[in-house]
Amino acid sequence: MKLIFNQALKDLRLLRWLLAAWVLALVVAHGSLLYTASLGDADATSLVASSGFHSMIGMVGMAVLILFAALLVQRDSPVSSDAFWLTRPMSAGAMLASKLLVSIVVLVLLPSALEIGDYLVTGVGRRWLPPYRVPLQLAWTLPVLALAAVAADVPQFVLVALLEVVLLMAASGLAAAFGLPPAGNTHFDTFLALVTLASACVLAWQYLTRRRTVAAVFLAVAPFVLTLGIDLWPWQAETPVAYPEEKRKAISVAADREAIASVLLGGDRVIQIPLTVTGKPPNTGLGLVYNSVHVWLQQAGSRTRFDIGAVFTNVRPGAEALEDAPLAPDSPETRALARVLDSALAGTALMNAQVTTLGALRPAIAFFVRRADLRRLAGTTGTLHLEFDLMAQEYGAYPGVPIATGTRYDGPALRATIVADRRTRYAISLDLRETASGWHVPESYSTHFLLRNRAAGQSLLKIAGWAIGRSNYGELGMILPLAPSLVVRWRTLGFGRVRGQTFVQTFASHEEARRWAKDAELVVIPTRDAGQFHVVLELPEFKVGG
Amino acid sequence: MSIIDIDHLKRRFGKCEAVNDLSLSVPEGSVFALLGPNGAGKTTTIKVMVNILRPTAGTVKLLGVDSRQLGPTQFRQIGYVSENQDLPAPMTVREFLDYCRPLYPTWDAPFAASLAQKLDIPLDRKISVLSRGTRMKAALVSSLAYRPKLLILDEPFAGLDPLIRDEFAGGVLELTGQEKWTVFLASHDIDEVERLADWIAMINNGRLLLSESVASLLARFRQIEVVRSAEGPLAAPLPPTWLAPEAAARTARFIETKYDEGSAAQVAQVFPGAESVTALPMSLRAIFVALARANRAQAGG
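## Concerning the overall build of chain A
Right, on to step 1. On a plain count of helices and strands, chain A comes out with 14 helices and 16 strands.
Right, on to step 2. Expressed as a percentage of the 546 residues in chain A, the buried residues total 42%.
Right, on to step 3. When contacts within chain A are restricted to residue pairs at least 6 apart in sequence, those whose partners lie at least 24 apart make up 79%.

The following block contains the structure:
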C-alpha cells in the first residue's frame, strides 16, 4: 500500500500542471453553474451566455481529462521497453492499482463530489442526485487509460485513439447495414457498462502481462462486438412490455392507400404511406418504434427490402388536446409547409415532424426505392409488407400554465420555470429553466410539450422527451458535472432545436404570432410507456416502379 | 558461483534474430563486460535479462531466479542503468531520489547524498534540463543507493564527454571495489571496458564470440610476425588456432588465439628456417576486431 501511495504521489507531482488545469476547469465550470443557478429567472440573456460558457469549459475539461489520463499511463507505460518502473521493485499489480487510484480520485470522484455539492448548494435536493454520475465518469476515463496502455508514447496514443474512433464508426456503419440501431442509443446503460468493463480488462491485461498484441486485437474487435453484439445477443434482446391484449384489440391500424405520396429524389423514389389509427383508448398516445419498421415488396419467388427514410410518429400524447383543430392557421406559410413535407420525405429536413401533417396527426412511414430497384421493378406489382411496432403511452391530466416569464410548472417529471419567451413570425420560443429533468425520470416516462390556444381552437405540439434524455444531457455532462437544475433551452415551437434549415413559417406575421401566443398556454404532458404491440400490414397489387 | 546464467538464449523480432543461442555465466563479484558493435544484440540480451523482453527460446537466470519470474524481491537487489531509460523528466533529482527511496528497504540516504555530491549532481535541478551525462549519473545514484548485489549498465558511456566518462567509470570502479558488487556492463566502447572489466564476453550478430576473464584473454592472444627464409604463399593447412593469416614478401603475420609455451614450437614447425618470430601482446580492441572479422569470413563461407 505504501508503494502504491508513493507511486500515486509521484504521478500527481509529475502531472501537477495538468492537475491544476483540471481542478481549475472544474472550479470554473461549477462556479459558472452556481452563478447560473443564482441568476434571476428573468435574466434570460445571462442564462444563455452562462450556459454557452459552461459548454465551452466542458470541452476544455474533456481535453484536459484525456491528456491527464493518457499521460498518467504513459509516464509508466506497460509497453515501452524503456519505462523506468519495469526494472524497479514495483509489481505490475501495484502499478495498476496506483494508476487506478489516481484516475478514480482525480477524474471520477472529484467531479462527482463537486456535483453533489452543486445539488446541495442549489437546493435541488439529494433525491435528484443522478445515479449514473460515477459510472459515466468511469466510462469516459477508463477507455482513455486503456488506449494509452497499448501505446508506447503519446503520438502512438493519438494514432491508436483515432484508429479506435474510425473502427467505432465502421462498426456503426456495419450495424446500420444490418438495419441495427447504434448500440449506444438503444442500450446506453449496457453499452457503457461493457465499454467500462472492456477498458478495465485491457488496462489490467496490459499492466499484468505487457503483451500488446492481444490487447490490440481486442481493441480492434471490441467496437464491432459492442456495437453489433448488444443488439444481436439473445441476452440483450429485451422483450418490451406487451400492450394489454384487450386494449390492443380495440385499436385498428390501416394504411391509407388514397393518401400515399411519392417524390423522385436524385433517381430514387421516396414513398410515404400514412397510417390511419382508430379505436385508441382515451389518454393514450401511439408512437411508431423506429427500429421496428421494415418494408418490403413480395413478388413471386422474390422479396425486395427497402430502406426506411423517415418515420413520422405523430399519434402522440397531446393529439387529443388539439381538439380536432388544424395545427396552425391557414396561411401561405402553412401551405409552404406542405411543400417542405415533400423534401422531408428524403429524411433530410424534418426530423421532429410531429406537426408536419397539419392536423391530420397521422403516423407515416417513408421509404426509399433505389434507382436499381426502380428499374428492375418497373411495370410490375407485388404485395407491399409494412411491419412495425407501436408503443402506447398513457398520460393523465395535463394542466396548462400561462406563457409568461416567471411562470412555474411543477409536475412529476419536470419542475421548470419559463424564463423567456420570444414570438417571431417563424416560431414561439420558450426558454425553460429546469429544476429537475428527464434525466431522472425512468426510461418508461417521457415529457411532451404543447402550446394550446383554446380560443383559436389551435395547438402546436412538440415532443421533447428525448431531448432531455440522457444522450443529449450526456453530451454536456459527462466530463464536467452539469446539474440538471439549470437552464435547458427549448425551442418549443419550430421544428428541431438545432437544425436551422428546418424552420417553418408558422405565422403570417410577428403581430399574429404575438396575438396567438397571448391566449396560449403551455401544456406539459408526462407520459408512461404502457407497452407495445406488433402490426403487420399488407398492400396487395402495389406498384413501386414507374 | 554465477550471479547470471544465460543458457541458449534466443530472441527474435519478426524474422530478425537479435540474439542467437547465447550462453554465458557471470561470476559473482566480477565486473563483466558484454562487448559488441552497435546492433550486436547487447541491449536485447540485457532487456531479456531484466524481464523487459521475453526470450524466444532458452533461459536467463539472475540471482538464481528465471528472468520471467523476476519480481520486486529480486529488483531490490538489482541496479539498472540504461542510456535509453525514461527517467521522470519533470522531477528534480532530489524528488526523483525521494520517489525511489521507499521502493528499497535498504536505501541508504547518506550514501545517496554522498554519491550525488561525489558525482557533482545538482539535486535541485529538473532531470529534463540535465545533460545526458548528468542524467546518467543521477540514474546511477538511484541504482546504487540501496547497495544492489548486481549492477547492470547498458551503454553507460554512450555520448558522454571524457570528463564525465572518467567520473562515471571511476565511481563505478571504486564502489564495486569497496562493496564487492557484481557489475554487468554492455558497451561498444572497448577502450573504456578494458579499464573496468575483469571478465569479458564478445558478441556479434547475436552470437557469442568468446567469454572469459580479461587476463586470460590478453594472455592467450598474440599478434605473431614471422620473417621467413623465402618468399611464397602460406602453405595450408595452418593450425586452426591461427586467425587472419597473411603473407607479404618474406613476412607472414597471423593472430595466435591460444598462445602458450608450445606456440613457438608450432611456429617453427610451420615455418622451418624462419629468421625471426615476434609475438606482440594485443589490445582488447585488436582482439575484438580480429574475432569479428574471422566471424564475418566464416559466416560468408
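## Some thoughts on the overall build of chain B
Right, on to step 1. Summing up its helical and strand segments, chain B has ten helices and 14 strands in all.
Right, on to step 2. Restricting to contacts in chain B with at least 6 residues of sequence separation, those with at least 24 account for 69%.

## What about the interface of chain B and chain A?
Right, on to step 1. Each partner contributes residues to the interface: chain B has 21 residues there, and chain A has 18 residues.
Right, on to step 2. Taken together, the residues that form the side of chain B that touches chain A break down as 14 nonpolar, three polar and four charged.

## Quick notes on the packing of helix α5 (residues 133–150) of chain A against helix α6 (residues 154–177) of chain A
All names here are of chain A.
Right, on to step 1. For the pair α5 and α6, the least separation of the axes is 8 Å and the interaxial angle reads 125°. By the angle class used here, α5 and α6 are oblique. Two packed elements cross with a definite hand, and for α5 against α6 that hand is right-handed. Judged by residue contacts, L147, A148 and V150 of α5 engage F157, V160, A161 and E164 from α6.

## Concerning the sheet that holds strand β10 (residues 207–213) of chain B
Sheet strands pair via backbone hydrogen bonds, and the direction of the pair is either parallel or antiparallel.
All names here are of chain B.
Right, on to step 1. With mixed pairing, the six strands of this open sheet are ordered in space as β6-β7-β8-β3-β9-β10. Every interior strand has two partners, whereas the edge strands, β6 (78–82) and β10, have only one. The mean inter-strand angle of the sheet, taken between neighbouring strand axes irrespective of direction, is 10°.
Right, on to step 2. Sheet topology note: the strand β9 (residues 199–204)/β10 ladder contains six bridges and is antiparallel. Bridge pairing in β10 links I203 to L208.

## Observations regarding the sheet that holds strand β11 (residues 222–227) of chain B
Residue and element names in this part refer to chain B.
Right, on to step 1. Taken in spatial order, the four strands make up an open sheet running β12-β13-β11-β14, and their pairing is antiparallel. Only two strands of the sheet have a single neighbouring strand rather than two, namely β12 (242–248) and β14 (276–281). If you compare each strand with its neighbour and ignore which way they point, the axes differ by 15° on average.
Right, on to step 2. Sheet topology note: the β11/β14 ladder contains six bridges and is antiparallel. By the bridge assignment, E225 is partnered in β14 with T278.

## Examining the nonpolar core
Right, on to step 1. Membership of the largest hydrophobic core comes to 141 residues, with the highest contact counts inside it found for A:A69, A:A148, B:A33, B:V141, B:I152 and B:L185.
Right, on to step 2. Here the element with the most residues in this core is α5(A); it accounts for twelve residues.
Right, on to step 3. The contacts of A:A69, once residues within four sequence positions are left out, are A:S103, A:L107, A:T141, A:V144, A:L145 and A:A148.
Right, on to step 4. Counting residues in each nonpolar core, the second largest holds 18 residues, with A:V295, A:L297, A:I365 and A:V369 among its members.

## Examining the environment of B:I46
Right, on to step 1. Summarising the element assignment, B:I46 is placed in helix α1 (residues 42–49).
Right, on to step 2. In this structure, the C-alpha to C-alpha distance between B:I46 and B:D154, residues 108 residues apart in sequence, is 7.4 Å.

## Section: helix α4 (residues 109–118) of chain B
Residue and element names in this part refer to chain B.
Right, on to step 1. Those residues of α4 that sit buried are A112, L115 and A116. Angularly, the buried residues of α4 cover 100° about the axis, an arc narrow enough to put them on a single face. Exposed side chains of α4 directed beyond 90 degrees from the buried face belong to P110 and Q117.
Right, on to step 2. Downstream of α4 by a residue or two, D120 has a phi angle that is positive, lying close to 60°.

## Examining unusual backbone geometry
Residue and element names in this part refer to chain B.
Right, on to step 1. Positive phi values are uncommon outside glycine, yet L63 reaches one of about 55°.
Right, on to step 2. Assignment of secondary structure puts L63 in the loop between β4 (57–62) and β5 (65–66).
Right, on to step 3. Phi at R147 is positive, roughly 50°, even though this residue is not glycine.
Right, on to step 4. You can see R147 is positioned in the loop between α5 (132–144) and β7 (150–154).
Right, on to step 5. Assessed through the 16 C-beta atoms surrounding it within 10 Å, R147 is described here as partly exposed.

## Some remarks on helix α3 (residues 93–100) of chain B
Right, on to step 1. Every buried residue of α3(B) is accounted for by B:V93, B:F96, B:L97, B:Y99 and B:C100. Down the axis of α3(B), the buried set is contained in an arc of 155°. They therefore lie on one face.
Right, on to step 2. The inward-facing, buried residues of α3(B) abut α1 (2–14) of chain A together with α4 and α5 of chain B.

## Quick notes on the pairing of β6(B)
Right, on to step 1. Here β6(B) lies mainly inside the structure; five of its five residues are buried.
Right, on to step 2. Of the two faces of β6(B), the one carrying B:I78, B:Y80 and B:S82 and the one carrying B:G79 and B:V81 are both buried.

## So, the confidence of the model for chain A
All names here are of chain A.
Right, on to step 1. Put simply, chain A has an average pLDDT of 70, and 61% of its residues get 70 or more.
Right, on to step 2. The element-level mean pLDDT for chain A is lowest in helix α13 (residues 470–477), coming to 24, with strand β5 (residues 294–299) highest at 92.
Right, on to step 3. Here residues 313–361 is modelled with pLDDT under 50, and outside its nearest four sequence neighbours on either side it reaches 115 contacts, counting other chains as well.

## What about the environment of A:A300?
All names here are of chain A.
Right, on to step 1. Counting through the fold element by element, A300 comes out in the loop between β5 and β6 (302–312).
Right, on to step 2. Note on A300: 6 C-beta atoms within 10 Å, which makes it exposed.
Right, on to step 3. Through-space distance from the C-alpha of A300 to that of T381 is 10.0 Å; in sequence the pair is 81 residues apart.

## Re the pairing of β11(B)
Right, on to step 1. Where β11(B) meets strand β13 (residues 251–256) of chain B, six bridges bridge the pair, whose relative direction is antiparallel. Paired with B:E225 across the bridge in β13(B) is B:R253.

## As for the environment of B:K10
Residue and element names in this part refer to chain B.
Right, on to step 1. Topologically, K10 is positioned in strand β1 (residues 2–13).
Right, on to step 2. With twelve residues separating them in the primary sequence, K10 and L22 have C-alpha atoms 6.8 Å apart.
Right, on to step 3. Those residues in contact with K10 that lie beyond four places of it in its chain are E17, V19, N20, D21, P55, T56, A57 and G58.

## Thoughts on the packing of α3(B) against α5(B)
All names here are of chain B.
Right, on to step 1. Where α3 meets α5, the axes come as close as 10 Å, and the angle between the chain directions of the two elements is 25°. The orientation of α3 with respect to α5, classified from their angle, is roughly parallel. Along this stretch, α3 crosses α5, giving a crossing that reads as right-handed. On the side of α3, the interface is formed by V93, F96, L97 and C100, while α5 contributes A138, V141 and S142.
Right, on to step 2. Of the residues belonging to the contact of α3 with α5, the class tally is six nonpolar, one polar and no charged.

## Considering the confidence of the model for chain B
Right, on to step 1. Predicted confidence across chain B gives a mean pLDDT of 86, with 99% of residues reaching 70 or more.
Right, on to step 2. By mean pLDDT, helix α6 (residues 162–179) of chain B is the weakest element of chain B at 75, and β4(B) is the strongest at 93.

Cut-offs applied
What you see as residue numbers is a count from 1 along each chain, following the sequence as written. Lettering for chains starts from A, numbering for ligands starts from 1, and both go in the order in which the items are written. Local features in a predicted model are, by the rule used here, given only for residues with pLDDT of at least 70; side-chain atom pairs are given and counted only at 80 or more, and totals for whole chains, interfaces and linings are based on all residues. Elements are defined by DSSP. Helices are runs of H or I of four residues or more, strands are runs of E of two residues or more, and each kind is numbered from the N terminus. Exposure is read from a count of other C-beta atoms within 10 Å of each residue's own; the residue is exposed at 12 or fewer, buried at 20 or more and partly exposed in between. C-beta atoms are placed from the backbone. A pair of residues counts as a contact when their C-beta atoms, built from backbone coordinates, are separated by no more than 7 Å. Residues are grouped as follows: Ala, Val, Leu, Ile, Met, Phe, Trp, Tyr, Cys and Pro are nonpolar; Asp, Glu, Lys and Arg are charged; all remaining types, including Gly, are polar. Only C-alpha atoms enter the line fits that serve as axes; for helices the fit covers just the stretch in contact. Angles between N-to-C directions range over 0 to 180 degrees. Each angle is binned into one of four classes, with values under 35 degrees roughly parallel, values over 145 roughly antiparallel, values of 65 to 115 roughly perpendicular, and all other values oblique. For any helix crossing, the convention is left-handed if the near helix is rotated counterclockwise from the far helix by under a right angle, and right-handed if that rotation is clockwise. Two strands make a pair as long as DSSP finds a minimum of two bridges between them. Only buried Ala, Val, Leu, Ile, Met, Phe, Trp, Tyr and Cys residues enter a nonpolar core, and they are joined through C-beta atoms within 7 Å. Here the arc refers to the directions that run from the helix axis out to each C-beta atom. Residue-level confidence of the predictor is summarised by pLDDT, bounded by 0 at the bottom and 100 at the top.

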